[in-house]
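Architecture and fold: a report
Take a look at the letters that make up each chain.
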Amino acid sequence: MIHYVLILAAGKGLRLKKAKIPKQFLELDNLPIVMHSALEFKKADPNSQLYIGLPQGFIYTWQRLCKKYNFNIPHKTYVGGFSRSDTVLIGLNEIHNDIQSREITKLESIDLNKSHNQHLISIHDAARPFINSKFIIELIKSAQKYHSAVPVINLKSSLRKFKTEKKLISNSRDRTSYILTQTPQVFNFSEIYNAYLKITQLGEENHDNNFFDDSSVFDYLTNNHPVNIVDGREYNIKITNDLDYFLAPTIYKFLQELT
């Protein structure tokens, strides 16, 4: 089994108003945010194969950052797409092609479905830098057994559903019936890859409106195995806006003191 890792760093981070560069390249404890996740994946599984999706025009910037911060762990970069799901699919295709090339190079009998079924893939948002190797190992072990591992946390605030017509209409919802998903989400490679290939056949409108994360793709189009949820981590926040980035050093310091 090979553990592949997609780190999605192709977004522009427009909700972080004060940043002059995409948030995933901002520093946290003297290291770009995206590099924190990459280092933890390598710590969890030194043999993991890392793929980092970057924004258009940022390949040279990334090379300079790697040199500046002495980021020497083996990885492969690629240019992401216009949406998160586009970036995931491009990365999955990169891995698929590499698996195929490896099989041909080894002069083995090529049964791609069998080969793919031996592998796992972690899909992670670069803007979540607070993961740790222990958590990653837990997810990998769960996915090996159940074909997927999706971290979730419960809602703490009240929940209402609303729609806007001539006036605001909202209805209360039972928050215990809902959960929040996090990344990394870990899947059997063959199953999530085939699921993503299928959603490309649904048309762009259905694609964007119905699939909000990787587990929704896996859940909607994979019949053999339901999504396996595991306990997430409250501290595993996604740095989205200026307040998140302001709080990030405090969270980082808190987690360092726990270890």
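Here's a quick rundown of the structure. Model, not experiment: these values are computed from the prediction.

1. A few points about the overall build of the protein chain
Helix and strand content of the protein chain: nine helices and 10 strands. Looking at the protein chain residue by residue over its 259 residues, the buried ones come to 47%. At a minimum sequence separation of 6, the contacts of the protein chain that also span at least 24 residues come to 74%. Here the protein chain displays about 14,800 Å² of accessible surface, and carbon together with sulfur accounts for 51% of that area.

2. Overview of the pattern of salt bridges
Taken as a whole, this structure holds six salt bridges when the rule is applied. The partner of Arg233 in a salt bridge is Glu138, with the nearest N and O atoms 2.8 Å apart. Taken as a pair, Arg233 in the loop between strand 10 (229-231) and helix 9 (242-258) and Glu138 in helix 5 (residues 133-146) lie far apart in primary sequence, 95 residues in all. A relative accessible area of 34% places Glu138 in the partly exposed class. Taking the shortest distance from any N to any O, the salt bridge between Lys156 and Glu234 comes out at 3.7 Å. With a gap of 78 residues between them, Lys156 in the loop between strand 5 (148-154) and strand 6 (159-164) and Glu234 in the loop between strand 10 and helix 9 connect regions that are remote in the sequence. In this structure Lys156 comes out as exposed when scored by relative accessible area, which is 62%. Accessibility expressed as a relative area gives 47% for Glu234, which makes it partly exposed.

3. A word on the pairing of strand 9 (residues 185-188)
Each regular strand displays side chains that alternate between the two surfaces of the sheet. Bridge count for strand 4 (residues 120-125) against strand 9 is four bridges, and the pairing is antiparallel. Bridging across to strand 9, Ile123 finds its partner in Gln185. The pairing of strand 5 with strand 9 spans two bridges and is antiparallel. For Ala149, the partnering residue across the bridge sits in strand 9 and is Val186.

4. Topic: the pairing of strand 2 (residues 49-54)
Strand 2 sits mainly inside the fold: five of its six residues count as buried. Sheet analysis places strand 1 (residues 3-8) next to strand 2, joined by five bridges and oriented parallel. In the sheet register, Val5 faces strand 2, and the bridge partner there is Leu50. Two elements, strand 2 and strand 3 (residues 76-79), share four bridges in a ladder whose sense is parallel.

5. Regarding the nonpolar core
Of all hydrophobic cores here, the largest spans 30 residues; its most connected members are Ile7, Val34, Met35, Phe41, Ile52, Trp62 and Phe71. Listing elements by their share of this core, those giving two or more residues are strand 1, helix 1 (33-44), strand 2, helix 2 (59-68) and helix 5. Excluding residues that lie within four positions of it along the chain, Met35 makes contacts with Trp62, Leu65, Cys66, Tyr69 and Phe71.

6. Topic: a nonpolar patch on the surface
A cluster of nonpolar side chains, namely Leu243, Phe246 and Leu247, defines an oily patch on the protein surface of about 340 Å² accessible area. Tracing the backbone through its elements, the reader meets Leu247 in helix 9. For Leu247, a relative accessible area of 37% puts it in the partly exposed group.

Rules used throughout
- Residues numbered from 1 in each chain as written.
- Predicted model: local features only at pLDDT ≥ 70, side-chain atom pairs only at ≥ 80, totals over all residues.
- Heavy atoms only, no water.
- Helix = DSSP H or I, 4+ residues; strand = E, 2+ residues; numbered from the N terminus.
- Buried < 20%, exposed > 50% of the residue type's maximum accessible area, 1.4 Å probe, protein only.
- Contact = heavy atoms within 4.5 Å.
- Areas by Shrake-Rupley, 256 points an atom, 1.4 Å probe, with all protein chains shown as cover.
- Salt bridge = Lys/Arg side-chain N within 4 Å of Asp/Glu carboxyl O.
- Pairing = 2+ DSSP bridges.
- Core = buried A, V, L, I, M, F, W, Y, C linked by side-chain atoms within 4.5 Å.
- Patch = residues over 30% accessible without salt bridge, like charges linked within 9 Å, V, L, I, M, F, W, Y side chains within 5 Å.

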